[in-house]
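Secondary and tertiary structure notes
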Amino acid sequence: MSFLIDNFVELTVTGLVLGAVYGLVALGYTLVYGVLQLINFAHSEVWMFGSFAAVWVTVALGVAPGSALPVVIGVLLLALFAAMAVSGGVALVLERVAYRRLIRLDAPKLVALISAIGASFALAEFMGLRDRIADFFGLRDTLDPYVRSARDNTRFQNPLETEGVFTVGGYTVSNVDIIIIVSALLMMVALDQFIRRTRIGSGIRAVAQDSEAAALMGVNRNRVIRATFLVGGIMAGAAALLYLMRFGVTRWNAGFLLGVKAFTAAVLGGIGNVRGALLGGFILGLAENYGSALIGSEWRDVVAFLLLVVILLFRPTGLLGESLGRARA
Amino acid sequence: MRFSVKTGAPLLALALALSACGTSGGDDEEASGGGSEAGTCEDVAIGFFGALTGSDANLGINIRNGVELAVDQFNEENADCQVELKEYDSQGAPDQATGLATQAVGDDTVIGLVGPAFSGESDAVGPTFAEEGLPTITASATNPALAENGWDTFQRILGNDASQGPAAAAYIGDVLKSESVFVVDDASAYGKGLADIVNESLADAVVGQDTIQKGQTDFSATVTAIRSANADAVFFGGYYAEAGLLVQQLRGAGVDATFVAADGVKDAGFIEAAGDASEGAIITCPCLPPEESQAFADDFEAAYGTAPGTYAAEAFDAANVFLEGILDGNTDRESLLEWVNNYEGDGVTKSIKFDESGEVENISVWAYKVENGEIVADQEIETN
Amino acid sequence: MTQGKASPDTGSGAARSTTQTSRLGWDRGALARRVTALPRPAKWALIGLFVVFLYALPLLEIPILSTPDTDFGAVLFTVASYVLVALGLNIVLGYAGLLDLGYVGFYAIGAYTVAVFGSLQAQLSWWVLIPLAVLLTTISGILLGAPTLRVRGDYLAIVTLGFGEIIRLTALNLEWLGAAKGITGVPRPPSVEMFEIPHLQWEGATAVIDLDDTTTFLVFGVADQAPYYWLMLTVIFIVLGADRMLRLSRIGRGWEATREDEDAAELMGVPTFKFKLLAFACGAFIGGLSGALFASRQGFINPESFLLILSILFVAAVVVGGAGNRYGVILGAIVVAYLPERFRGFEEWRLLVFGLALLLLANFRPQGLLPPRRAKRAQAVDEQLDALEEGTARA
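Residues numbered from 1 in each chain as written. Chains lettered and ligands numbered in written order. Predicted model: local features only at pLDDT ≥ 70, side-chain atom pairs only at ≥ 80, totals over all residues.

**Here's the deal with the overall build of chain C**
Secondary structure assignment for chain C yields 16 helices and 4 strands. The burial tally for chain C puts 49% of its 395 residues in the buried class. Taking the intrachain contacts of chain C between residues at least 6 apart in sequence as the baseline, contacts between residues at least 24 apart amount to 73%. (Helix = DSSP H or I, 4+ residues; strand = E, 2+ residues; numbered from the N terminus. Buried ≥ 20, exposed ≤ 12 C-beta atoms within 10 Å, placed from the backbone. Contact = placed C-beta atoms within 7 Å.)

**Details of the overall build of chain A**
Secondary structure assignment for chain A yields 14 helices and 4 strands. Radius of gyration (C-alpha) of chain A: 20 Å, near the 20 Å computed for a compact globule of 329 residues. Within chain A, the fraction of its 329 residues that count as buried is 57%. (Rg over C-alpha atoms; globule rule 2.2 N^0.38 Å.)

**A look at the sheet that holds strand β13 (residues 366-371) of chain B**
All names here are of chain B. Pairing is mixed across the open sheet formed by 7 strands, whose spatial order is β7-β6-β8-β9-β10-β13-β14. Sheet topology places β7 (206-211) and β14 (374-380) at the edges, where each strand pairs with a single neighbour. The mean inter-strand angle of the sheet, taken between neighbouring strand axes irrespective of direction, is 25°. Bridge count for strand β6 (residues 181-185) against β7 is 5 bridges, and the pairing is parallel. Residue Asp-185 lies in a different strand from β7, and its bridge partner there is Thr-211. (Pairing = 2+ DSSP bridges. Axes fitted to C-alpha atoms, helices over the stretch in contact; angles between N-to-C directions.)

**Things to note about the interface of chain A and chain C**
The partner chain C presents 37 residues to the 34 residues of chain A that form the contact. Broken down by secondary-structure element, the contributors of at least two residues to the side of chain A that touches chain C are α4 (69-105), α5 (109-128), α12 (254-269) and α14 (300-314) of chain A.

**Description of helix α5 (residues 119-132) of chain B**
All names here are of chain B. With 14 residues, α5 extends 20 Å from end C-alpha to end C-alpha; this agrees with the ideal 20 Å at 1.5 Å per step. Helix geometry: α5 is bent most strongly at Val-125, by close to 50°, with proline Pro-127 lying one to four residues after it. At the exit of α5 stands Gly-133, carrying a positive phi of roughly 65°. (Expected span 1.5 Å × (residues − 1). Bend = angle between axes of the 7 residues up to and from the residue.)

**Describing the packing of helix α3 (residues 43-61) of chain A against helix α11 (residues 221-247) of chain A**
Residue and element names in this part refer to chain A. The geometry of α3 relative to α11 is characterised by a closest axis approach of 8 Å and an angle of 55° between their N-to-C directions. As the angle between them shows, α3 and α11 are arranged oblique. In the crossing of α3 with α11, the sense of the turn from one axis to the other is right-handed. Within the contact between the two elements, α3 uses His-43, Val-46, Trp-47, Gly-50, Ser-51, Ala-54 and Val-55 and α11 uses Gly-232, Gly-233, Ala-236, Gly-237, Ala-239, Ala-240, Leu-241, Tyr-243 and Leu-244. Partitioning the contact of α3 with α11 into residue classes produces 10 nonpolar, 6 polar and no charged. (Parallel < 35°, antiparallel > 145°, perpendicular 65-115°, else oblique. Left-handed = near helix turned anticlockwise from the far one by under 90°. Nonpolar A, V, L, I, M, F, W, Y, C, P; charged D, E, K, R; others polar.)

**Quick notes on the interface of chain B and chain C**
Opposite the 33 residues of chain B that make contact, chain C presents 32 residues. For the side of chain B that touches chain C, the secondary structure elements donating two or more residues are α1 (2-22), α4 (94-106), α5 and α7 (189-201) of chain B. Counting residues per element, the side of chain B that touches chain C draws most heavily on α4(B), which supplies 9 residues. Residues belonging to the side of chain B that touches chain C are distributed by class as follows: 14 nonpolar, 13 polar and 6 charged.

**Side note on the pairing of β7(B)**
Among the 6 residues of β7(B), 5 are classified as buried, and the element is accordingly described as predominantly covered. Of the crossover connections in this fold, the one passing from β6(B) over α7(B) to the parallel β7(B) is right-handed. (Right-handed = clockwise from strand over helix to strand, strands pointing away.)

**Examining α11(A)**
Helical geometry note: an α-helix holds 3.6 residues per turn, so side chains three or four residues apart project in the same direction. All names here are of chain A. For α11, with 27 residues, the first-to-last C-alpha span of 38 Å sits near the 39 Å given by 1.5 Å per residue. Counted residue by residue, α11 has 22 buried out of 27 residues, so it is predominantly covered. Looking one or two places after α11, you find Gly-248, whose phi comes out positive at around 80°.

**Here's the deal with the nonpolar core**
Among the nonpolar cores identified, the biggest contains 357 residues, and B:Val234 and C:Ala86 are the most heavily contacted of them. For C:Ala86, the residues in contact, after removing those within four places along its chain, are C:Phe314, C:Ala317, C:Val318, C:Gly321, C:Val329, C:Ile330, C:Gly332 and C:Ala333. (Core = buried A, V, L, I, M, F, W, Y, C linked by C-beta atoms within 7 Å.)

**A short note on the pairing of strand β10 (residues 282-285) of chain B**
Residues and elements named next belong to chain B. Residues of β10 alternate between two faces, with Ile-282 and Thr-284 on one and Ile-283 and Cys-285 on the opposite face, all of them buried. Direction of pairing for strand β9 (residues 258-261) relative to β10: parallel, over a ladder of 2 bridges. Within β10, the residue paired with Val-260 across the bridge is Ile-282. Assessed by its sense of winding, the connection that carries the chain from β9 through helix α10 (residues 268-274) to β10 is right-handed. Pairing geometry for β10 and β13, over 4 bridges, is antiparallel. Its bridge partner being in β13, Ile-282 is matched across the sheet by Lys-369.

**Things to note about the sheet that holds strand β4 (residues 136-138) of chain B**
All names here are of chain B. Strand order in the open sheet made by the 5 strands is β2-β1-β3-β4-β5, with parallel pairing throughout. Strands at the two margins of the open sheet, each flanked by one partner only, are β2 (83-89) and β5 (154-156). Adjacent strand axes in the sheet meet at a mean angle of 25° when their direction is disregarded. In this structure, strand β1 (residues 44-50) lies alongside β2, joined through 7 bridges in parallel fashion. Residue pairing across strands places Ile-46 opposite Leu-85, the latter belonging to β2. In the packing of α4 onto the sheet, the strands contacted are β1, β2 and β3 (110-114), and the crossing angle to β1 comes to about 170°.

**Let's talk about the confidence of the model for chain C**
Segments scoring low in pLDDT should not have their predicted coordinates read at a detailed level. Residues and elements named next belong to chain C. Counting all residues, the mean pLDDT for chain C is 82, and 87% of those residues have values of 70 or more. Residue range residues 1-25 is modelled with pLDDT below 50. Its contacts to residues more than four positions away, or to other chains, number 25 contacts. Both confidence scores are given for the complex: pTM 0.84, ipTM 0.89. (pLDDT = per-residue confidence, 0-100.)

**Topic: unusual backbone geometry**
Residues and elements named next belong to chain B. Of note, the amide linkage connecting Gly-115 to Pro-116 takes the cis form, showing an omega dihedral of -10°. Looking at where Pro-116 falls in the secondary structure, it is placed in the loop between β3 and α5. Phi at Lys-177 is positive, roughly 50°, even though this residue is not glycine. You can see Lys-177 is positioned in the loop between α6 (161-175) and β6. When the 10 C-beta atoms within 10 Å are taken as the criterion, Lys-177 is described as exposed. Even without being a glycine, Ala-187 presents a positive backbone phi close to 65°. Along the chain, Ala-187 turns up in the loop between β6 and α7.

**What to know about the environment of B:Gly115**
All names here are of chain B. By the secondary structure assignment, Gly-115 is in the loop between β3 and α5. According to the C-beta neighbour criterion, Gly-115 is buried, with 33 such atoms within 10 Å. Each C-alpha atom, one on Gly-115 and one on Val-71, is 15 Å from the other, the two residues being 44 residues apart in sequence. Non-local contacts of Gly-115, meaning those with residues more than four positions away in its chain, are made with Phe-48, Phe-49, Gly-50, Thr-136 and Thr-138.

**Comments concerning the packing of helix α7 (residues 126-148) of chain C against helix α12 (residues 272-298) of chain C**
Two measures define how a pair of helices packs: the angle their axes make with one another and the distance between the axes. All names here are of chain C. Where α7 contacts α12, the axes come no closer than 8 Å and their chain directions differ by 145°. Crossing angle aside, the handedness with which α7 passes α12 is right-handed. Counting all contacts with α7, which are made through Trp-126, Leu-129, Ile-130, Ala-133, Val-134, Thr-137, Thr-138, Ser-140, Gly-141, Ile-142, Gly-145 and Ala-146, the residues of α12 involved are Leu-277, Phe-280, Ala-281, Gly-283, Ala-284, Phe-285, Gly-287, Gly-288, Leu-289, Ala-292 and Ser-296. Of the residues belonging to the contact of α7 with α12, the class tally is 14 nonpolar, 9 polar and no charged.

**A short note on the environment of C:Leu87**
Residue and element names in this part refer to chain C. Structurally, Leu-87 can be placed in helix α5 (residues 72-95). Separated by 63 residues in the primary sequence, Leu-87 and Arg-150 place their C-alpha atoms 24 Å from one another. Setting aside anything within four residues of it in sequence, one finds Leu-87 in contact with Val-239, Leu-240, Asp-243, Ile-286, Arg-326 and Val-329.

Rendered as structure tokens:
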């Protein structure tokens, strides 16, 4: 207990940083669920592909840490765009391959879940086998820096050096901490505004509320669904870069656990609720850290899942309720 | 029905041919390279048992490559005695291991087995090998309890956790002269076993401990605990994937305590994942430095394009114990088991002789250090 | 199938082509009709032959069918235990429509009960352990279900997923449950040595009886997996019978009503919560039984045998086969458990292929390999309605 109190600030900040990543990934689950009432099981792989895109940008540019600030910012922005583009692209492919046909057939939700699980396996294994696939096409040597040790952790050479900015409560908050939390909040606000104010945003809300009525009102449902996947993918791409800045490595199966946690965060906040996703992420990140501090890190996941069960028992639709379609947000 | 059986026959033959190709990588080379007459060791194979796919595949592939190198070299030197290598890919999972073990003991050509690679699967299939008298030499399963089951067929060609743990503790106490040690483990049988031994040996100096889970990536609560405990050394019991992440997050949080880990971390993947943060990390290993076995390291690099990873050298030695026995004319399980039990000889990692329980005698534990992105030998650790 | 594959891209034609696919696909009706049309003794003889064939499978070692890279008896046991699990999950998922992503939790409780009370903490007899395991799992199913079944639909999925993980992590972190190093010396079923049965050996397409390779009836040892398979198969037949009775009873209809429309069912006087809880308990019972048998075959268990991914594979087995049809889910379980073992030769590619196969199956056989009969009937009505609607729209 005293450990928790003594290190409260540190545990809070690192918990919020983790929570920000959870929240951004959770947005993908929440958006798709809000519009289609489907659990997009393969969203974790969308995130994973984005993280590799960011890594490959830094590998290709080969920037050493401690470069001039404009270079650092340039590389990070490039990595961000690459991650967003790849994640967005994978999300679109996923929609096309795993979902579109089933949505058109109005197949049971469970079948879409299995389709997504299959896609998730295939995507993760594809990344884990990238060295063998390169081999197959005779590109093993050309692509070596990108495909080597495919089953191992791959490091992200962060061009930005971690530096302390200010100290509070015995913990020095670093520039990376601030960047992650602030960007997550900014992206959240941007997404919220996007859904509220743009044409596509109101389309998303309309389809979420009543897909048939929306279609009658002239909303192109398929376009809205594509836009939803794309936006979720872009958010996952951003989350991938932020994750790499904090944790520094990714691997072919890193998406699985993160995906489970992010989905938990989405449910915690109220699945289908955009603001709830970020709130759920923050709460989950904090709960994991406080829980670990109190009873040991081995119980970290147990704390996370117990919290989820307890919250659902008292608020059966999550903290903020399901509301992508309802009300104003 | 009958019709399908008729048309099935050629298909069936095709399938059999295909499956025969699929079983082992060594097949083709032997057929062409040997051109062997029917020698004394016709239809003799040794097996590899461990993970070749799945999340623990890296370690298994290291070991397989070590065994394969030994078999290939042997077959090249002995044209009239061609030994086949059969692979049993358990994915490190005890439930898959059971069927593979039954398959291995049911295949009369397999007279020796390098593996099983992990302690968990060893526990699951040890009784099968013991009952059927198939000699095994594990090159990586280090749980001390494995040798206490009374399995005659069990041999271990490296020091177990009970020898490595005290060595790691001795290094922390005598060489680093650390007075505040934080012990972290990954809840695996291997990691927890080591951490418990270190905990016990260093009792007074341990200022705190925590357990993480394999597969996790965020260790912030653990890092906070280490930082606030003001530890000057951190012992980590676990594998390189989590070790890389942990040391990186430690350095990121400004903790510069010496990072000490055991042989599960002795892999290029550790440095690959941790980068500069791995500098100065200490890794204990019951294995001789590669300078002592340069020829092996060179051959390995020539064959696989990478430096030998963790346990590749042990696997090479284990395979050679069997191969020498086969060359000596021990081409059935019973005589090969006797050969292994009485074996005395020098391998690339150590001089090999197994005691009653199957443990190798003369274990020397070395400390390695990460310097300029390479794992280099530091010194031999004296324990008393 | 080919027709379905060729046309997914062709806009409006796609919907029509799937209905064709299901008609052109394996016509189960014809085979079933032909069998039902046979005189009763012939029918029984046919079924009897099939059952004998199933029992004889590990002895026949039929090429193509049997696995070249791992022991066929062991694979058959694994497949059979997936079949049993799929039958249990089918009650929860197929009959009652509750998405349970933590089914491995029950499997784990069953296995751990046998291991903990049979080896680690007490040495009870195997005959006591199996009922105890089943009892504890059923209780845990009720304890989990009572609070969580009030949670609706997809929320249940994540709650059960959490439950499965909590069970595994608890086993991993508690010394009393063996922690990571697991539990050795789990009691095996008691053996009765009676007689030896030779296996077959195949040379090309001709079979030879191989007297060197025999299975002793009925010894539950470590070197021969066939007896475990026989045990599991027998359990499956018993569960199948019980499942059939349940399905045809008031309870089965209650489950179906709850699944189709919970509110309507409640209004019609179906105690939906009670029925859902009962489905959960039945599912837990069967899952626990399967886990208990798994542990006593294995002789050793550790938490790594109960990973989250297994729950997902179980759900995949049920859905791929056709949730709600007991023979469908059996087929699904066989696909999920057998194919990866059969194609071990592909080594690292097999999971990639498995993922793609799931994707294709879901997309081109969304109703499952063997869809449940009533759903099929409902589907026919839907199709008729669609045809009518289209007709009027065109007119």
